[in-house]
There are 2 protein chains.
Amino acid sequence: MDRKILLHEKDIPKKWYNLAADLPTPMLPPLGPDGNPVNPEMLTPVFPMNLIEQEVSPERWIDIPEEILDILYRWRPGPLRRAVYLERYLDTPAKIYYKDESTSPPGSHKPNTAVPQAWYNKQFGIERLTTETGAGQWGSALAFACKLVGLECKVFMVRISFDQKPFRKLMMQTWGANCIASPSTETNAGRAILEKMPDTPGSLGIAISEAIEQAVTDPAGKTRYSLGSVLNHVMLHQTIIGQEAKAQLKSIGEKMPDVVIGCAGGGSNFAGLAFPFTADKINGADIEIIPVEPTACPTLTRAPFAYDFGDTACTTPLLPMYSLGHDFVPPPIHAGGLRYHGMAPLVCQCVVEGLHTPRAIDQIECYEAAITWAQTEGFICAPETSHAVAATIQEAKKAKEEGKEKVILFNYSGHGLMDLTGYDAYLSGKLDRYSLPDEMLEKTEECLKKHPQAEARKSGKW
Amino acid sequence: MDRKILLHEKDIPKKWYNLAADLPTPMLPPLGPDGNPVNPEMLTPVFPMNLIEQEVSPERWIDIPEEILDILYRWRPGPLRRAVYLERYLDTPAKIYYKDESTSPPGSHKPNTAVPQAWYNKQFGIERLTTETGAGQWGSALAFACKLVGLECKVFMVRISFDQKPFRKLMMQTWGANCIASPSTETNAGRAILEKMPDTPGSLGIAISEAIEQAVTDPAGKTRYSLGSVLNHVMLHQTIIGQEAKAQLKSIGEKMPDVVIGCAGGGSNFAGLAFPFTADKINGADIEIIPVEPTACPTLTRAPFAYDFGDTACTTPLLPMYSLGHDFVPPPIHAGGLRYHGMAPLVCQCVVEGLHTPRAIDQIECYEAAITWAQTEGFICAPETSHAVAATIQEAKKAKEEGKEKVILFNYSGHGLMDLTGYDAYLSGKLDRYSLPDEMLEKTEECLKKHPQAEARKSGKW
């Protein structure tokens, strides 16, 4: 039995898979400020047209350019691994496989989309990308991608992370990016905030506003903005994960997984693994597909499905998604990547259709799972990834109770070597259980009611 | 062409290779305080007898127990990779291969010996291991190994690192180890220092003394000490690296390397890759084998070959090695793992025999190489590893000048994700070139003269 199942370079997926082509119900369109569907042209100040075309593409398969594969070969195809040590520890009849996305240079799945985004921008004649980053995982992935493709990269990093987590910033600088604390004095949005609150720790919402402002106000028109999750083309780029996993399971004669699991913040690592298997489910395969989120930010499990803005500052189109409200401020849990108020519309649509069955898990159970993982499998996972590990342990125990030899597959979205302060807080007893109180959901309703499109789906308007 | 050359689990090396069996001249023995060769029995308070037997073994091959392989399978066999992106950047006819030791859970080659050391101690009935650590790479590897084997682990970490580099300490705690700042109040050695210097930043020498004291004074006799480099059995355990590399090159029909490179502090990662190829060189193969050290700590390139203590406190036997003197305090360079005053006696013997040709490189050139590596290959290497990268670039440029399609193989001993402060210092211009001044070498002579055995080899006494 091989614990590591490998694909040769020549067997890397040559196309991305677009789930939108196979969904039972067509996707609802994003809406503009006037309540009408957004025209692709309206997005051109922010994104290059070749990526906008992917965003709205109805095609099932989209070719991956050879030049992009040449960059991805640095770490792809990635290993599919079998967690035999965890299996032994749990004494479960289940077989646990995981797709190891921690092997990329920045240590997560994020470069799977950072690289094509940088490449398509370069093809379009763009010279510089801007983005925002919280803890720094996305910023470091885009810095890496821009360096390899040959673009400038500017990252607005939330000030409190910039000050408290210098290592991610140093990664970005090592890859030649310009990483500055947000709010900054370089944008109108930043200056306005600093005037009112000179000591603000910043927020992701402010950083997004700064990054978009710098992209759309470049007089030469050579700057664009890049987003690391949520959008359709981001999900598309990540499907290389699930396609590899499917080929790897097949290569060892393993059956289709019974359960597919991924943690879900904006949805991209989960979608990357899950969408190729979702296609099989649509075609009748019996697979349980589980996006896992924190009980502190229960978008898919407790929020309403509505039209809402993707950002706090209401600058994006309205997206059809489960949302806790664009002004939702989640409590400070350590899995920073899972604190988003919304979720990728494609993932939300799958939940609506009953294709995905979301689950929320408390951070304490997730850190317990992470420690079990570190002390059996040996590796230290990212706090986000620990949510997938915790759900996997739940499913492996269930398989034991049922006496079934299930095949469980999950996405190991990243390592935790840059995020050990969360482990420290857990090990020293400073973390508490936390479920979002119902009162907070009342605020969600209020926030969403401000936009009549919120109820669009229920009214059958679209 | 595959950029990643893999071995299947079933093809992992089943034996360790002991170079001592093949050296043209037999190794000089370690000496006790009386100047006579050390009897293995004398080492039993510090190490278990099964490891002492490996330390003095004349056998060429030593079986790796299946239980140890079962632990190593978590990351071994490790990938051999081809640095095609660096080759393109340098426009060199050389083919550059590297053995990637950064894929272990602690991120370096260190677990290759931490695991067997923990396992043999457990077999011997030991319940607890003590060790010292500077920056934390060795301490985290031993913490990892002890958890998987089922031993307690106590790590004395130099106080200044304990305070300034909390992440490595958190790794150790995640793997269940007890990591405390040294000097501590738990040992006589620690208390004595604290009484004199309550604010001392600590040193590796003090930490070693504390770790050994706790091992030898356990009234139950269930504690031993563990060392991460220098000793023969450590080199032995690391030879799995070079054996895998040889099998991987053969699997793709590649010729024997023309040049083999590794950075050398205590010598273990270098030896791990180099010794299996050194055997071929002894048998007539034309291979240049290069240990690379910093110009700030030029043990192999400028120090005398002599008998010297392995530690500052003079508690170890006298070892036959190149040494800058056991009281040598190297300047603060960022590659903490390369600041050792001595070098593994087996490596030293190879240098004496002309089998290895050492080279010293300045830290500025090494960081330049590390940045080139990060911006071409994409990965961020450890500051120690950057010395091997710098020598590889030198050799690849030389191959271009000579117009020769050389095969260069180096050991990528670890990633630099926990060591980004060194990159920061370099990128912000705070690092200087530094070569050890000749006056420092005069102090070396004085230090070594205190022990008449220093000149033993020259006199032909042994």
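Residues numbered from 1 in each chain as written. Chains lettered and ligands numbered in written order. Predicted model: local features only at pLDDT ≥ 70, side-chain atom pairs only at ≥ 80, totals over all residues. Heavy atoms only, no water.

**As for the overall build of chain A**
Scanning chain A for helices and strands turns up 19 helices and 15 strands. For chain A, whose C-alpha radius of gyration is 21 Å, the value lies close to the compact-globule estimate of 23 Å for 462 residues. Overall, the C-alpha framework of chain A stretches about 60 × 50 × 50 Å when taken along its three principal axes. Each of the 462 residues in chain A was classed as buried or not, and the buried ones make up 66%. (Helix = DSSP H or I, 4+ residues; strand = E, 2+ residues; numbered from the N terminus. Rg over C-alpha atoms; globule rule 2.2 N^0.38 Å. Buried < 20%, exposed > 50% of the residue type's maximum accessible area, 1.4 Å probe, protein only.)

**Description of the side chain of B:Ser102**
Residues and elements named next belong to chain B. Examined against the element boundaries, Ser 102 turns out to sit in the loop between strand E5 (95-100) and helix H4 (111-123). A distance of 2.6 Å separates the side chain of Ser 102 from the side chain of Asp 100, its partner in a polar contact. Here Ser 102 is in contact with Gly 107, Ser 108, Tyr 412, Gly 414 and His 415, once residues within four sequence places are set aside. (Polar contact = N/O pair within 3.5 Å; in protein donor to acceptor, adjacent residues only side chain to side chain. Contact = heavy atoms within 4.5 Å.)

**Describing the pairing of strand E12 (residues 305-309) of chain B**
Most of E12(B) sits inside the fold, with five of its five residues counted as buried. Residues B:Phe305, B:Tyr307 and B:Phe309 of E12(B) are buried on one face, and the alternating residues B:Ala306 and B:Asp308, pointing to the opposite face, are buried as well.

**Thoughts on the environment of B:Thr133**
All names here are of chain B. Of note, Thr 133 is situated in strand E6 (residues 128-133). Separated by 23 residues in the primary sequence, Thr 133 and Phe 156 have C-alpha atoms spaced 6.2 Å apart. Excluding residues within four positions of it along the chain, Thr 133 makes contact with Trp 138, Gly 139, Val 155, Phe 156, Met 157, Val 158, Met 172 and Leu 204. From its side chain, Thr 133 meets the backbone nitrogen of Gly 136 in a polar contact 3.4 Å long.

**Some thoughts on the packing of helix H4 (residues 111-123) of chain A against helix H5 (residues 137-149) of chain A**
Residues and elements named next belong to chain A. Look at H4 against H5: their axes get within 8 Å of each other, and the N-to-C directions meet at 45°. In terms of their interaxial angle, H4 and H5 are classed as oblique. Of the two elements, H4 crosses H5, and the hand of that crossing is right-handed. Here Pro 111, Thr 113, Ala 114, Val 115, Gln 117, Ala 118, Trp 119 and Lys 122 of H4 come into contact with H5, specifically with Trp 138, Ala 141, Leu 142, Phe 144, Ala 145, Cys 146 and Val 149. Of the residues belonging to the contact of H4 with H5, the class tally is twelve nonpolar, two polar and one charged. (Axes fitted to C-alpha atoms, helices over the stretch in contact; angles between N-to-C directions. Parallel < 35°, antiparallel > 145°, perpendicular 65-115°, else oblique. Left-handed = near helix turned anticlockwise from the far one by under 90°. Nonpolar A, V, L, I, M, F, W, Y, C, P; charged D, E, K, R; others polar.)

**Observations regarding the pattern of salt bridges**
The final tally for this structure, using the stated rule, is 44 salt bridges over all chains. Across the salt bridge formed by B:Arg60 and B:Asp22, the nearest N and O atoms sit 2.5 Å from each other. With B:Arg60 in the loop between helix H1 (49-55) and strand E3 (61-63) and B:Asp22 in the loop between strand E2 (15-17) and H1, this pair connects stretches of sequence that are 38 residues apart. One network of salt bridges, in which partners are shared, links A:Arg3, A:Arg88, B:Glu9 and B:Asp70. (Salt bridge = Lys/Arg side-chain N within 4 Å of Asp/Glu carboxyl O.)

**Some remarks on the nonpolar core**
By size, the foremost hydrophobic cluster in this structure holds 286 residues, and its most contacted members are A:Trp373 and B:Trp373. The residues contacting B:Trp373, other than those within four sequence positions of it, are B:Ala83, B:Leu86, B:Tyr98, B:Gly378, B:Phe379, B:Cys381, B:Val389, B:Phe410 and B:Tyr412. (Core = buried A, V, L, I, M, F, W, Y, C linked by side-chain atoms within 4.5 Å.)

**A few points about the sheet that holds strand E11 (residues 288-294) of chain A**
Residues and elements named next belong to chain A. Ordered by their spatial adjacency, seven strands build an open sheet running E1-E4-E5-E15-E10-E11-E14, and the pairing between neighbours is mixed. Each of the sheet's edge strands pairs with one partner strand only, and the pair in question is strand E1 (4-5) and strand E14 (359-361). In this sheet, strand E5 (residues 95-100) lies alongside strand E4 (residues 80-82) in antiparallel orientation, the contact comprising three bridges. By the bridge assignment, Arg 81 is partnered in E5 with Tyr 98. Lying over the sheet, helix H11 (residues 240-251) contacts E1, E4, E5 and strand E15 (407-412), oriented at roughly 135° with respect to E5. (Pairing = 2+ DSSP bridges.)

**A closer look at the interface of chain B and chain A**
Think of interface size as the accessible area that goes away when the parts come together; that is how it is often given. On the chain A side, the residues contacting the 45 residues of chain B number 45 residues. When chain B packs against chain A, the two sides together hide about 4000 Å² of surface, and 56% of this comes from carbon and sulfur. The interface formed by chain B and chain A holds six salt bridges in total. Where chain B touches chain A, the interface holds 24 residue pairs in polar contact (both at pLDDT 80 or more). (Buried area = accessible area lost by both parts, 1.4 Å probe.)

**A few points about helix H8 (residues 188-196) of chain A**
Residues and elements named next belong to chain A. Taken as a whole, H8 has its buried residues at Gly 190, Ile 193 and Leu 194. Projection of H8 onto a plane perpendicular to its axis shows the buried side chains occupying an angular sector of 100°, all on one side. Turned more than 90 degrees away from the buried face of H8, the exposed residues are Asn 188, Glu 195 and Lys 196. The inward-facing, buried residues of H8 contact helix H9 (204-216). (Arc of directions from axis to C-beta.)

**Let's talk about the pairing of strand E7 (residues 152-158) of chain A**
Residue and element names in this part refer to chain A. The element E7 is extensively covered by neighbouring structure, given that six of its seven residues are classed as buried. Taken together, the six bridges between strand E6 (residues 128-133) and E7 define a ladder with parallel strand orientation. When the bridges of E7 are listed, Arg 128 appears paired with Glu 152. A crossover connection joins E6 to the parallel E7 through H5; in handedness this β-α-β unit is right-handed. Bridge count between E7 and strand E8 (residues 178-182): five bridges; the pairing is parallel. When the bridges of E8 are listed, Lys 154 appears paired with Asn 178. (Right-handed = clockwise from strand over helix to strand, strands pointing away.)

**Focus on the relation of the copies chain B and chain A**
When chain B is brought onto chain A, the operation consists of a screw motion whose angular component is 180° and whose axial shift is 0.0 Å, with 0.0 Å RMSD remaining. Taken together, these values place the two copies in the relation of a two-fold axis. Comparing interface residues between copies, 100% of those in chain B also lie at the interface in chain A; the contact surface is shared. (Least-squares fit on C-alpha atoms with pLDDT ≥ 70 in both.)

**Let's talk about the sheet that holds E6(B)**
All names here are of chain B. Taken in spatial order, the four strands of this open sheet run E8-E7-E6-E9, and their pairing is parallel. The open sheet has two edge strands, strand E8 (178-182) and strand E9 (223-225), and neither has a second partner. Strand-to-strand, the axes of this sheet are offset by a mean angle of 25°, without reference to chain direction.

**Focus: the confidence of the model for chain A**
Residue and element names in this part refer to chain A. Chain-level statistics for chain A give a pLDDT mean of 93 and a share of 98% at 70 or above. Here residues 457-462 is modelled with pLDDT under 50, and outside its nearest four sequence neighbours on either side it reaches twelve contacts, counting other chains as well. If you check the scores for this complex, the pTM reads 0.96 and the ipTM reads 0.95. (pLDDT = per-residue confidence, 0-100.)

**So, the packing of aromatic side chains**
For the structure on display, the rule yields 29 aromatic pairs over all chains. Seen in terms of ring centroids, B:Trp75 and B:Phe144 are 5.8 Å apart; in terms of plane orientation they differ by 65°. Their pairing is edge-to-face. Of this pair, B:Trp75 sits in the loop between helix H2 (66-72) and strand E4 (80-82) while B:Phe144 sits in helix H5 (residues 137-149), and the two are 69 residues apart along the sequence. With respect to burial, B:Trp75 and B:Phe144 carry one shared label: buried. Taken together through their ring pairs, the aromatic side chains of A:Tyr98, A:Trp373, A:Phe410 and A:Tyr412 make up a single cluster. (Phe/Tyr/Trp six-rings, centres within 6.5 Å; stacked < 30°, edge-to-face > 60°.)

**Here we look at the environment of B:Val46**
Residues and elements named next belong to chain B. Here Val 46 shows up in the loop between E2 and H1. A relative accessible area of 17% places Val 46 in the buried class. In this structure the C-alpha to C-alpha distance between Val 46 and Glu 213, which are 167 residues apart in sequence, comes to 9.2 Å. Sequence-distant contacts of Val 46, defined by excluding residues within four places in its chain, comprise Val 216, Arg 224 and Tyr 225.

**Regarding the packing of helix H7 (residues 166-174) of chain A against helix H17 (residues 420-427) of chain B**
The interhelical angle for the contact between H7(A) and H17(B), taken along N-to-C directions, is 50°, at an axis separation of 9 Å. Classified by the angle their axes make, H7(A) and H17(B) are oblique. Once H7(A) is placed against H17(B), the crossing between them reads as left-handed. Contact residues: H7(A) offers A:Phe167, A:Leu170, A:Met171, A:Gln173 and A:Thr174, while H17(B) offers B:Leu420, B:Thr421, B:Tyr423, B:Asp424 and B:Leu427. Considering only residue class, the contact of H7(A) with H17(B) consists of six nonpolar, three polar and one charged.

**Let's talk about a negative patch on the surface**
Residues and elements named next belong to chain A. On the surface, Glu 439, Glu 442, Glu 445 and Glu 446 cluster together into a negatively charged patch. Residue position: Glu 446 is located in helix H18 (residues 438-449). By relative accessible area, Glu 446 is classed as exposed at 56%. (Patch = residues over 30% accessible without salt bridge, like charges linked within 9 Å, V, L, I, M, F, W, Y side chains within 5 Å. Areas by Shrake-Rupley, 256 points an atom, 1.4 Å probe, with all protein chains shown as cover. Lys, Arg positive; Asp, Glu negative; His and termini not counted. Charge placed at Lys NZ, Arg CZ, Asp CG, Glu CD.)

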